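As a plain string of letters, each chain reads:
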Amino acid sequence: MEVGDIRPYIYPDIELDREEGQGIEDLKANSQPAIPDPDKWLDEELSQNILLTSADALINWGRRSSLWTAICFPACCAFEFIAANGPRFDLARFGMEILRASPRQADLMITAGTLTWKMAPNVQRIYNQMAEPKWVIAMGSCGISGGIFASAPYAVVPGYNHIIPVDVYIPGCPPRPEALIYGIQMLQKKIAKRRNLTLGKD
Amino acid sequence: MALKTEPFVLNMGPVHPSTHGVFRMRTTLDGEVVVDIEPIFGYLHRGVEKLAEQRTYTGIIPLTDRLDYISSMNNNLAYCLAVEKLAGIKVPERAEYLRVIMAELQRIAAFLIAVGAFLNDCGAFFTPFMYMFREREKIVDLLEMVSGQRLTYNYIRVGGVSQDIPEEFLPALRTFVAQMPGFIDEYDRLLMQNEILLARAKGVGILTREQAINCAASGPVLRASGVKWDIRQADPYSIYDRFEFDIPTGTVGDCYDRYRVRVAEMRQSLRIIQQAMTQLPPGPVKAAVPHLIRPPVGEAYAHLEAPKGELGFYLVSDNSIAPYRCHIRPPSLINLTALRDMVRGWKVADLIVIFGSIDITVGEIDR
Amino acid sequence: MIANYGYIGLFLIAVILFTLLMVTIPIALRFLRIVPDNPNPVKNSIFECGMETIGKTWVQFNFHYYFYVLIFLALDVLVIFLYPWAVSLRQLGISGLITILILITIIFVGYIYAWRKKVLEWK
Amino acid sequence: MMPVLNFGIHHQVFIPAVPPDWPGGFWWHWLFFTVVIIAFVLTMVMGAIYIERRGMGRMQSRLGPNRTGPFGLLQPVADAIKVLLKENIVPVKADKLVHWLAPVVAFAPALMLFAVIPFQDGALLADLNIGILYIVAISSVSTVGIFMAGWASSNKYSLLGAMRNVAAIVSYEMPLVLAIVGVVLIAGSLSLNRIVIAQDIPFILLQPLGFFLFFAAGCAEINRSPFDLMEADSEIVAGFHTEYSGMKFAMFYLVEYAEAIAIAAIITTLFLGGWRGPLLPPWLWFVTKVMAVFFTMVWTRTTLPRIRIDQLMALAWKFLLPLAVINLIITAIQVLASWPDTLPWTLVMIIVNFTILAVLVLLWSKFFFRLGWGRIEV
Amino acid sequence: MGLAIGFWISASVIIAAALGVVLLRNIFRAALSLILCFLMVAGIYITLSADFLAAVQILVYVGAISVLIILAIMMTREVQRGNLSNKLQLPAFIVALLFLGVLVLTVTNTPWPITDTAPVVPTTTTIASRLFGEGGFILPVEIAAALLLSAILGAIVLAREK
Amino acid sequence: MLNNLGLEHYLVLSAILFAIGLYGTLAKRNAIIILMCIELMLNAVNITLVAFSRYVTPELLTGQIFAIFVIIVAAAEIAMGVAIILAIYRGIESIDATKINLMKW
Amino acid sequence: MKFERYGIGIVKGLMVTIMHLLRHPTVSQYPEQRLNTSRRIRGNEFIWDQVKCTGCGTCTKACPQGAIEIVTSTSQEENKYTVDKYQIDTGYCIQCGLCVEACPYEALYLGYAYECAKYQRGELVQTKEMMLESPLRKASGYFSPKRAAKLPKQTLLLERITEKK
Ligand code: SF4
Ligand code: SF4
Ligand code: SF4
């Protein structure tokens with residue numbers, strides 16, 4: 001088809017860009033302290049050693065055996081994630097090969113890569129749009145602390161835990177696929193401890 | 001058609017399965033047809049050039065690893081070439097050969113990913129990608145053997161390479177070089193003549209010779225348009241003038257040509273590795289370089305043929321331990337400038353394919 | 001014969017009940033707090049690659065589809081005749097074949113016209 | 001047959017092809033088959049998901065799920081539990097009622113298709129004497145469900161996916177329907193059970209072209225690769241169910257596989273001789289054939305790239321449809337010549353038909369329609 | 001009995017859905033309501049033992065016509081504006097009501113020549129022989145096809161770019 | 001009442017359907033809704049035809065064959081109708097029946 | 001008449017995939033079958049030799065990240081530094097190995113382990129006590145050929161596919 005000059009359709013969006021920029025600035029101002037790790041309860045649980053009901057066990061089994069991953073692959077760590085999905089390490093063995101492009105259908109966000117402030121609102125938005133229950137694995141030093149780029153604080157978020165709560169931290173730059181699988185197994189252990197039937201309690 | 005449909009704006013990315021990271025395209029669509037796109041950068045701007053000004057010359061090498069993270073070795077090499085030019089360091093013979101071997105291995109790995117991701121964008125349900133990843137794992141194994149990391153090698157250093165290769169490296173490399181052509185043939189059988197792939201890629205996203213030259217494209221994108229331009233031969237750096245290899249070129253400049261050129265280059269890289277392996281001399285692998293390099297005041301530009309095109313490092317020194325300015329010429333960014341002309345008037349599906357065929361890495365674009 | 005349709009009708013009701021049941025189980029479980037339910041404005045907004053949507057979401061569509069549906073409509077009507085014809089072709093014999101050939105020809109004139117006028121092409 | 005519920009009209013002398021009363025009276029028959037069909041579809045879908053993930057894994061030189069339960073057999077169960085207990089999100093901007101109803105409307109037709117498919121001689125819910133027409137009609141309803149989903153989400157990706165789906169279904173309905181007519185011509189009946197009974201040799205041999213057309217068009221109708229445009233991951237995120245989560249998403253997932261199983265079952269019934277086969281019990285033959293057909297779909301999905309929307313339409317309109325009509329006419333002539341009577345003639349006709357298939361496909365791709373360039377050339 | 005139940009269910013759904021078509025504010029929902037109405041008319045056909053016709057009803061109305069209507073809705077961007085009435089609302093209502101009254105009166109007061117003969121099943125072969133057989137409707141069939149052809153050609157000419 | 005399903009039932013149903021369609025055709029402004037209402041009326045006619053076929057001439061099926069022709073006409077009508085709507089829409093960017101005024105167009 | 005583009009390509013591709021179905025998969029099942037990593041692996045933890053370290057601080061200076069925190073005090077009698085605090089934030093470190101290369105006394109090694117995922121961000125910081133070498137915490141052979149020679153040979157995918165299980 002003949003495409004004429006249709007610039008006008010796009011460029012009124014300067015306003016839009018300005019709005020986005022404002023959103024980024026706001027987020028930056030609001031998220032300086034890190035979100036505390038959300039698993040204080042885990043220690044209590046572990047120390048009290050409460051036996052889970054069988055229904056809980058079943059639910060947890062289902063949830064931990066089919067963790068579908070949301071797409072959030074900003075940078076280099078993504079390739080180790082793909083390698084883990086790939087033919088040599090094969091995350092599919094744990095039923096995890098399904099990548100859902102839509103966060104509505106995903107359970108786990110593996111933050112494979114550097115998070116910049118420009119990207120932060122999007123990642124936060126995607127995290128917010130994921131249906132619960134949802135988990136986050138911070139992969140790589142960039143995900144944990146900003147890693148090699150942490151000393152460029154004007155651009156890089158010093159760790160995903162400033163934006164979204166993180167369940168498991170996997171150090172490495174990038175972590176080996178085995179390390180990632182180990183982290184995922186830690187997450188599975190954590191899920192297995194979860195209590196779901198909270199009727200009666202809060 | 002005559003009925004005026006109102007184009008609507010759709011965000012592709014930053015979190016989209018096939019934008020190769022966090023690239024965002026604000027596309028204007030008319031139904032399925034792409035009317036216009038506006039690439040939006042900066043979702044991975046990590047301030048590499050700025051960071052480089054705060055680090056020592058050695059400390060920058062890890063940063064270059066993370067620029068185009070699927071061809072780290074080439075980035076390391078380009079940077080080291082620039083520093084060596086700046087400081088006038090002579091590299092030992094054996095190190096040069098090792099550098100060539102590593103760079104070519106990395107090139108194969110990068111092309112494997114490029115081709116795999118391209119085929120994946122065409123909709124081949126991960127299969128070619130998986131096969132190519134399998135072969136990439138083998139290369140990664142080799143590179144891990146010498147450097148200890150799987151992705152960010154930090155291996156090539158100013159004045160040579162960081163360590164000599166272990167003794168089991170060469171036999172493994174030999175096996176690899178012997179096996180690899182068989183696998184490349186297998187990929188060819190898998191999809192090269194597939195009717196659907198031909199329909200999807202042939203004649204799609206044509207970048208003519210003139211256009212390609214005008215927008216300073218380089219690498220396979222340029223060569224697919226029929227320009228025989230490869231810095232390894234046009235301006236031989238390191239020891240590339242000692243090897244014999246061809247420069248595969250395309251004719252039309254469409255997505256299919258870019259795909260074919262990449263596959264053909266893998267074979268050429270294997271040829272280079274073969275030659276380098278047999279000629280590999282003994283000797284030291286690193287020149288005597290002071291721990292903190294202080295190059296004389298001046299500037300230097302070194303470029304090489306990275307998998308994606310011409311990768312250049314421009315360094316300005318003020319005789320301190322950190323560069324005064326470090327500028328990077330990323331091939332992906334320059335190649336990407338052709339995108340808008342290539343996709344307008346095509347369908348959404350073609351947009352993805354064309355985008356995949358350019359083969360970008362966002363880390364390099366945004367830096 | 002009618003009994004068969006009785007089966008079908010009842011089956012339809014059963015299937016719809018089953019489906020509704022499947023869709024409503026999570027709602028029931030939500031009261032047991034097994035299924036979480038924490039809506040927030042961002043979660044309930046629209047997903048578009050992590051960005052806010054630009055412009056209207058119910059967009060107007062291009063019109064090429066219309067021609068396909070048009071020809072589909074004509075051919076669909078052809079099917080009304082084809083099936084009874086196919087079942088009893090053996091009884092109808094040659095004359096039936098000729099009738100249907102004429103029919104197909106007539107409809108296909110439209111089809112070929114569309115092909116020639118390039119409305120089957122999607123530019 | 002015990003007429004518990006008399007439908008007020010005396011039964012005509014039409015003899016049903018099969019004893020519809022083998023599990024007992026009307027209500028028992030209905031109950032039995034309702035339960036059997038729903039259970040069958042659900043288990044087959046689970047099996048299909050398992051086969052797809054394992055098979056695809058192995059074809060990609062991976063393993064596929066093998067941790068959850070023995071050999072990973074419980075993987076679909078785990079998925080089901082998880083998805084069932086996932087939060088349900090309805091976007092504020094969405095049309096809520098339609099958003100809720102869409103999975104129901106999409107799922108019901110997929111299940112309804114199985115009502116007329118014989119699992120064994122006479123073992124079917126209702127032996128309609130317009131069986132095939134019923135299938136064709138019902139399968140066109142599921143478009144509505146998918147379109148509802150796409151529209152109600154008020155998401156551009158969903159809408160794009162839904163429009164693609166409508167376009168694809170509309171285009172491929174015709175080759176599909178015309179390919180069936182060939183079978184009907186030979187069998188002389190619309191009842192699926194009759195058609196199976198008529199298959200002394202599987203119709204794939206008598207109707208190779210019809211089989212080819214039906215397989216391609218069927219794959220396109222249910223959006224299996226290489227025609228899986230409407231949920232093309234790499235293009236439009238997740239297509240029409242981008243905004244669906246939890247159980248409602250699971251319904252669409254189910255529909256996708258249930259329809260694949262349905263198409264496989266229809267192919268089995270129409271072309272592969274349905275439940276007929278030596279040695280094994282008929283229902284086992286049926287299940288085996290269905291799974292074999294499904295495996296072929298997985299196989300093609302693993303290998304082939306995705307086709308583009310205009311190429312998809314062009315393939316339907318300019319390649320499959322004319323061939324379907326030609327096939328129809330040729331079959332009609334052959335039937336009028338009443339050939340498939342004696343064995344040697346049948347053999348001759350099989351060879352003739354395969355030759356026709358090869359010649360037609362070659363000729364057509366040579367002169368009229370070429371799928372092989374970026375833009376379709378005609 | 002079963003027939004009667006079927007009839008009453010279908011009839012009530014038909015009327016509700018038809019009312020939905022005219023009353024629902026959202027055009028897309030009105031179209032969905034129309035589809036429901038079509039489906040239920042197929043049910044009515046089945047109670048009249050016209051099984052072939054029921055299948056055709058679903059095939060053509062639900063499969064094709066409703067798709068066309070939905071496409072028309074999608075292409076004209078009038079969804080937002082809703083399903084409005086014009087100024088003639090009240091007169092139209094009165095006319096429709098009067099018409100309904102007259103029809104119902106006529107229908108109930110006319111002695112219809114009802115036969116007790118059982119309906120023909122299966123209908124497909126009978127329809128085939130009536131349509132294509134000796135003394136059948138061959139000519140009307142061809143004319144119908146020609147009508148359809150002219151409709152297609154006209155539609156293409158109308159809708160195509162000038 | 002449940003058991004005596006007669007011709008009248010069908011005819012009354014069809015009359016109601018027709019009346020609803022008629023009301024919609026007269027009172028609605030959106031041309032697409034008007035088309036939909038016309039379809040409703042055609043369906044009402046079809047019900048009548050099939051009902052007569054069932055109760056008056058059950059062995060000939062003439063009514064059913066007529067119904068088939070009505071369906072064909074309906075298909076042709078909707079095809080043309082949508083084409084006209086699109087053509088009008090192209091001209092005046094609206095499909096409001098009250099605004100369609102051909103003399104000014 | 002050339003028979004390309006009549007489905008031949010598709011059939012070839014289909015053959016490739018079906019042959020893979022019969023081929024042995026290349027998967028190593030991680031938790032049970034572990035790959036031997038490279039002898040020079042730069043693992044995600046550090047091994048620090050309390051005896052050899054003189055507290056010179058070269059590693060800190062070499063680290064491009066500044067991930068190493070070292071606090072020393074001079075003890076008069078032995079005329080050397082004692083290391084009071086030596087900690088590395090492994091969540092911040094990028095495993096570049098430059099510190100190991102720089103250490104003039106071979107007192108710092110990268111670990112051989114990579115399974116270092118933690119539930120808490122704070123646990124990622126490795127202190128002096130945690131970095132000591134033990135049989136469970138082996139050091140990798142990065143920049144130390146002596147240690148490398150003792151480590152197991154790397155498993156190569158290259159060889160596994162040829163030997164076949
Ligand atoms: S942690 Fe390292 S490998 Fe991972 S994204 Fe950051 S820089 Fe890249
Ligand atoms: S490995 Fe690199 S980043 Fe980590 S402490 Fe050593 S020098 Fe610093
Ligand atoms: S460089 Fe070595 S000796 Fe010096 S402080 Fe660091 S670890 Fe200790």
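Reading the values: the criteria
Residues numbered from 1 in each chain as written. Chains lettered and ligands numbered in written order. Predicted model: local features only at pLDDT ≥ 70, side-chain atom pairs only at ≥ 80, totals over all residues. Heavy atoms only, no water. 1 Å grid on protein atoms, 1.4 Å probe; cavity = no way out; pocket = protein on both sides within 12 Å on 5 of 7 lines; lining within 4 Å. Points joined across faces, edges and corners; volume = space filled by probe spheres on them. Helix = DSSP H or I, 4+ residues; strand = E, 2+ residues; numbered from the N terminus. Pairing = 2+ DSSP bridges. Axes fitted to C-alpha atoms, helices over the stretch in contact; angles between N-to-C directions. Contact = heavy atoms within 4.5 Å. Phe/Tyr/Trp six-rings, centres within 6.5 Å; stacked < 30°, edge-to-face > 60°. Salt bridge = Lys/Arg side-chain N within 4 Å of Asp/Glu carboxyl O. Polar contact = N/O pair within 3.5 Å; in protein donor to acceptor, adjacent residues only side chain to side chain. Near = heavy atom within 4 Å. Nonpolar A, V, L, I, M, F, W, Y, C, P; charged D, E, K, R; others polar. Buried area = accessible area lost by both parts, 1.4 Å probe.

(A) Focus on empty space enclosed by the protein. Residue and element names in this part refer to chain D. All chains considered together, the criterion is met by 19 cavities of 30 Å³ or more. One number sums up the size of the second largest cavity: a volume of about 170 Å³. Surrounding the second largest cavity, 17 residues form its lining, Leu-113, Ser-139, Glu-221, Ile-222 and Ile-263 being those nearest its centre. Those elements that provide at least two residues to the lining of the second largest cavity are helix 3 (96-112), helix 4 (131-139), helix 6 (156-187), helix 9 (208-221) and helix 11 (246-271).

(B) Representation of the sheet that holds strand 2 (residues 24-30) of chain B in the model. Residues and elements named next belong to chain B. Across the sheet, which stays open at both edges, the three strands sit in the order 1-2-3 with antiparallel pairing between neighbours. Of all strands in the sheet, those with a lone pairing partner are strand 1 (8-12) and strand 3 (33-40), marking the two edges. On average, adjacent strands in this sheet sit at an angle of 25° to one another, irrespective of strand direction. In the sheet, strand 1 pairs with strand 2 via five bridges, with the strands oriented antiparallel. Bridging from a neighbouring strand, Val-9 pairs with Thr-28 of strand 2. Strand contacts of helix 14 (residues 348-358): strand 1, strand 2 and strand 3, with the helix running at about 150° to strand 2, the strand carrying the most contacts.

(C) Structural detail: the packing of aromatic side chains. Considering all chains together, one arrives at 34 aromatic pairs over all chains under this definition. With a centroid separation of 5.6 Å and 40° between ring planes, the pair formed by D:Phe249 and D:Tyr253 is classed as tilted. Linking D:Phe249 with D:Tyr253, this pair stays in helix 11, spanning four residues, or about one helical turn. Feature note: the residues A:Trp68, D:Phe249, D:Tyr253, D:Tyr257 and D:Phe294 constitute an aromatic cluster, connected by ring pairs.

(D) Expanded view of the interface of chain D and chain E. On the chain E side, the residues contacting the 27 residues of chain D number 26 residues. The interface formed by chain D and chain E includes zero salt bridges. The interface formed by chain D and chain E holds zero residue pairs in polar contact (both at pLDDT 80 or more) in total. Elements with a contribution of two residues or more to the side of chain D that touches chain E: helix 3, helix 4, helix 5 (142-152) and helix 6 of chain D.

(E) Spotlight on the site of ligand 1. Surveying the vicinity of ligand 1 reveals 13 residues, the closest of which are A:Cys76, A:Cys77, A:Cys142, A:Cys173 and B:Arg66. Looking at the residues close to ligand 1, they fall on chains A and B. Ranked by the residues each element gives to the shell around ligand 1, the list is headed by helix 6 (residues 140-145) of chain A, at three residues. Grouping the amino acids of the shell around ligand 1 by side-chain chemistry returns seven nonpolar, five polar and one charged.

(F) Structural context of the interface of chain F and chain E. Contact residues are listed per partner, giving 74 residues for chain F and 83 residues for chain E. When the two sides are added together, the surface that chain F and chain E hide from each other amounts to roughly 7100 Å², 77% of it contributed by carbon and sulfur. Summed over the three residues of chain F that lose the most area to chain E, namely F:Tyr23, F:Met36 and F:Ile71, the buried surface amounts to 9% of that side. Where chain F packs against chain E, one counts zero salt bridges. The interface formed by chain F and chain E holds two residue pairs in polar contact (both at pLDDT 80 or more) in total. At the level of secondary structure, the elements contributing two or more residues to the side of chain F that touches chain E comprise helix 1 (7-27), helix 2 (31-55) and helix 3 (62-92) of chain F. The leading source of residues in the side of chain F that touches chain E is helix 3 of chain F, at 24 residues.

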